[in-house]
Amino acid sequence: ALLQASAARQAPGGLETAVQHYERLEAERRLTRALREDIVAGRLEVVFQPKVRLNTSAPVGLEALCRWTGPDGKPVPPSVFIPLAERHGLIAELGDRVLESVLRSLARWNEGHLNTLPVAVNFSAAQFKRPDVVARVEAALARHRVPAHLVELELTESILLEDFDAAVTTLQGLRHLGLTLSIDDFGTGYSSLAYMRRLPVSCIKIDRSFVADLCTDDRTRHVVATVVSLAHRFGMHCVAEGVETFDQVQVLMELGCDQAQGYFFARPLDTEALAPILAGRTPWVEVVMAPSRPME
Ligand code: C2E
Ligand code: MG
Ligand code: MG
Ligand code: MG
């Protein structure tokens, strides 16, 4: 209902009536209340999408992605509940829970001597801007006895907006813990090639909007080529997001992009689907580029 309501509001010429306006606010209020309850009760779930090396399609890591089943029993897409959590001050709490959940999984996999891959967690600006963020992350790692090199934080360019120097200091603090840092959705924010050289991160994730236009638009291909070569020059590697076709894979390989993530290789998997893979009982080839992949 919320989706429809906001679609109506955005529809061309779709000026909402006062009644529609209040219905929309009420629907958002209900959904937010349900979200808050489920965050606090630990009812949000986490799925893991593999990231692969482009020239071998060997898995090199996983990205943790949050999932929520709404009050009507249907999954609510992150494109709806993440902005909702941001608007209502719930995103830091949500992110803390996701990080905790990922650390629990990593600890379990590590203790079971499973073939653990590093896991990337989306880290919101609200989490990043807390004055004690470095100490918090350090304490969480220690609590779960997870080595920092198994955890990657994905940050968006929004963390750089207000105070660039403060952001760099925080990035250095997190990096000093041994975490891997990457810039997510690169190219969609206020990115400037000039600031790239000052960022203490090891990875740039090229947003999927660039990947989508890669094979049809020469200019997009040039932009991606420039980002890849600059990143390499600054000692970073590049991940292409949202890779869906073989043509995209070919172009990305030509451009020297290092890694990729997308439905072409694998969809997000839940922990149950992941366990036999990490245990080595199910070969990765059955997951990566498998014709029928487990659904999100
Ligand atoms: P993101 O961090 O850029 O994550 C990648 C998104 O692209 C995921 O969407 C993933 O399912 C989707 N994706 C992967 N491969 C493909 C593909 O080949 N084609 C297409 N069309 N999409 C693909 P998802 O899971 O819906 O998440 C959307 C966004 O929500 C994420 O974008 C991230 O910004 C945010 N998000 C998800 N989980 C969390 C979280 O725990 N904390 C925070 N702060 N944000 C989260
Ligand atoms: Mg991400
Ligand atoms: Mg991304
Ligand atoms: Mg993205």
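Residues numbered from 1 in each chain as written. Chains lettered and ligands numbered in written order. Predicted model: local features only at pLDDT ≥ 70, side-chain atom pairs only at ≥ 80, totals over all residues. Heavy atoms only, no water.

As annotated in an unreviewed UniProt entry, the protein carries the name GGDEF domain-containing protein and comes from Aquabacterium olei.

(A) Structural context of the overall build of the protein. Counting its secondary structure elements, the protein contains twelve helices and nine strands. Since a compact globule built from 296 residues should have a radius of gyration of about 19 Å, the 20 Å found for the protein is in line with a globular shape. Oriented by its inertia axes, the alpha-carbon framework of the protein measures out at about 55 × 50 × 45 Å. Taking all 296 residues of the protein together, 46% fall into the buried category. Restricting to contacts in the protein with at least 6 residues of sequence separation, those with at least 24 account for 66%. On the protein, roughly 15,200 Å² of surface is accessible, and the fraction owed to carbon and sulfur atoms is 52%. The positive charge centre, built from 31 side chains, and the negative charge centre, built from 37, are 3 Å apart in the protein. (Helix = DSSP H or I, 4+ residues; strand = E, 2+ residues; numbered from the N terminus. Rg over C-alpha atoms; globule rule 2.2 N^0.38 Å. Buried < 20%, exposed > 50% of the residue type's maximum accessible area, 1.4 Å probe, protein only. Contact = heavy atoms within 4.5 Å. Areas by Shrake-Rupley, 256 points an atom, 1.4 Å probe, with all protein chains shown as cover. Lys, Arg positive; Asp, Glu negative; His and termini not counted. Charge placed at Lys NZ, Arg CZ, Asp CG, Glu CD.)

(B) Fine view of the site of ligand 1. Near ligand 1 there are 23 residues, and of these Arg67, Asn122, Asp184, Glu244 and Tyr263 occur at the shortest range. With respect to ligand 1, the side chain of Arg67 contributes an N or O atom lying 2.8 Å from an oxygen atom. Glu244 is positioned with one of its side-chain polar atoms (N or O) 2.5 Å from a nitrogen atom of ligand 1. Protein contacts shield 84% of the accessible area of ligand 1, which totals 800 Å² for the unbound molecule. Listed by contribution, the elements that provide at least two residues to the shell around ligand 1 are strand 2 (59-69), helix 3 (78-87), helix 4 (91-111) and strand 6 (180-186). By residue number, the principal contributor to the shell around ligand 1 is strand 2, which donates four residues. When grouped by side-chain class, the residues that make up the shell around ligand 1 number nine nonpolar, five polar and nine charged. (Near = heavy atom within 4 Å. Polar contact = N/O pair within 3.5 Å; in protein donor to acceptor, adjacent residues only side chain to side chain. Nonpolar A, V, L, I, M, F, W, Y, C, P; charged D, E, K, R; others polar.)

(C) Just unusual backbone geometry, in detail. In this model, Ser57 sits at a positive phi of 55°, which is unusual for a non-glycine residue. Inspection of the secondary structure puts Ser57 in the loop between strand 1 (45-53) and strand 2. Take Ser57: its relative accessible area is 22%, and that puts it in the partly exposed class. Although it is not a glycine, Arg145 sits at a positive phi angle of roughly 50°. Examined against the element boundaries, Arg145 turns out to sit in the loop between helix 6 (133-144) and strand 5 (151-155).

(D) Helix 7 (residues 164-176), seen in detail. Taking 1.5 Å of rise per residue, the 13 residues of helix 7 would be expected to cover 18 Å, and the 18 Å separating its terminal C-alpha atoms lies within 8% of that figure. Taken residue by residue, helix 7 has Ala167, Val168, Thr170, Leu171, Gly173 and Leu174 as its buried positions. Buried residues along helix 7 sit against helix 5 (125-128), helix 6, strand 5 and strand 6. Just downstream of helix 7, Gly178 is the residue with a positive phi angle, here 105°. (Expected span 1.5 Å × (residues − 1).)

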